[in-house]
Amino acid sequence: MESGIRAEVSLPTAPSPFDGVVDGATPVTEVARCAPADDRERVVVEFIADADLSVPEGVEVVFDYGGRAAYRFDAAVDPDSPFAVLDRHETPVSEATVRDGRLRITFHASDLPTLRSVLEAFRDACPDMEVKRLLQSTTTPTESDLVTVDRSELTERQREVLAAAYEAGYFDHPKGANAGEVAESLGIGRSTFTEHVAAAQRKLFGALLD
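First, a word on what this report is: a plain description of the structure on this page. (Residues numbered from 1 in each chain as written. Predicted model: local features only at pLDDT ≥ 70, side-chain atom pairs only at ≥ 80, totals over all residues. Heavy atoms only, no water.)

Turning our eyes to something else, we now look at helix α3 (residues 156-168). End to end, α3 covers 18 Å across 13 residues, agreeing with the expected 18 Å (1.5 Å per residue, within 8%). Of the residues making up α3, those classed as buried are Gln158, Val161, Leu162, Ala164 and Ala165. Around the axis of α3, the buried residues are gathered within 165° of arc, so they sit on the same side. In α3, the exposed residues that point more than 90 degrees away from the buried face are Glu156, Tyr166 and Glu167. (Helix = DSSP H or I, 4+ residues; strand = E, 2+ residues; numbered from the N terminus. Expected span 1.5 Å × (residues − 1). Buried < 20%, exposed > 50% of the residue type's maximum accessible area, 1.4 Å probe, protein only. Arc of directions from axis to C-beta.)

What follows is the structure, encoded as structure tokens:
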């Protein structure tokens, strides 16, 4: 079995099929989608939410669980939707929920290039995209082989500094930029830059090596 990566990302609810269907405070779970055979420009979406959910016209209840219900609606395919991005990469959605005004999607990337391509497409369409969790497996998936990286452990400033350093080639060999150059691009001092990088690395290495 090849090594794969389970990724959990958080995005704005728009662009997504849920834009205008549920408000940001409504918890939504068990999202499922399918494309009608006679119309590839539209998608049918089903989700589970509270039975008394107020929904717009066009959203129907297809099953009543009592306190919860299954809702279904159809929407135009939006090429910038995170679901459409995953469709183009032939990567199914494993889990999808709407909570606290954010759409959280979990998917499995078969390899690192696929993961990078998906995340870049997400970021192009949704600059506010956040990677919440990455879990990598190996050819012998024992407990010690599974690595969880929770990006929320980093402060917003640490993520900003790491992203700038990575994009500038600071971690490449040979380096594409030195600490002073990256610090200048961020408008901070070199010592401040190195402190942020060191703190972020300690957190990341702690998660990888613990």
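That covers the picture; the talk isn't over yet.
With that out of the way, let us pick up the nonpolar core. If you look at the biggest cluster of nonpolar residues, it comprises 36 residues, and the most contacted ones within it are Val9, Phe18, Phe47, Ile105, Phe107 and Phe122. Put simply, the parts of the chain that give this core at least two residues each are β1 (5-12), β3 (42-50), β5 (68-76), α1 (82-88), β6 (93-99), β7 (102-109) and α2 (112-125). Counting residues per element, this core draws most heavily on α2, which supplies five residues. Excluding residues within four positions of it along the chain, phenylalanine 18 makes contact with Val28, Val31, Val45, Phe47, Phe73, Phe83, Val98 and Leu103. Counting residues in hydrophobic clusters, the runner-up holds 12 residues, among them Ala165, Ala183, Leu186 and Val197. (Core = buried A, V, L, I, M, F, W, Y, C linked by side-chain atoms within 4.5 Å. Contact = heavy atoms within 4.5 Å.)

Turning next to α2. Because an α-helix completes one turn every 3.6 residues, residues spaced three or four positions apart along the sequence face the same direction. Between its first and last C-alpha atoms α2 spans 20 Å; for 14 residues at 1.5 Å apiece the expected length is 20 Å, and the two agree. Buried residues of α2: Thr114, Leu115, Val118, Leu119, Ala121 and Phe122, and no others. An end-on view of α2 places all buried positions within 160° of arc, on one side of the element. Facing away from the buried surface of α2 by more than 90 degrees, the exposed residues are Pro113 and Asp124. Where α2 is buried, its residues meet β1, α1, β7 and β8 (130-136).

Paired through backbone hydrogen bonds, the strands of a sheet run either parallel or antiparallel to each other. Taken together, the four strands give an open sheet; going across it, the order is β2-β3-β5-β4, and neighbouring strands pair in antiparallel fashion. With one partner strand each, in any of the chains shown, β2 (29-34) and β4 (60-64) form the two edges of the open sheet. On average, each strand axis in the sheet is inclined to that of its neighbour by 25°, with strand direction left out of account. Here four bridges tie β2 to β3, and the two strands are oriented antiparallel to one another. Bridged to arginine 33 within β3 is valine 45. (Pairing = 2+ DSSP bridges. Axes fitted to C-alpha atoms, helices over the stretch in contact; angles between N-to-C directions.)

Counted under the stated rule, the structure contains nine salt bridges. Its salt-bridge partner being aspartate 74, residue arginine 42 comes within 2.8 Å of it at the nearest N-O pair. Here arginine 42 is found in strand β3, whereas its partner aspartate 74 is found in strand β5, with 32 residues between them in sequence. Arginine 42 gets classed as partly exposed once you look at its relative accessible area, which sits at 30%. Notably, a salt bridge pairs arginine 102 with aspartate 128, separated by 2.6 Å at the nearest N-O pair. Linking arginine 102 in strand β7 with aspartate 128 in the loop between α2 and β8, this pair joins segments that are 26 residues apart in sequence. (Salt bridge = Lys/Arg side-chain N within 4 Å of Asp/Glu carboxyl O.)

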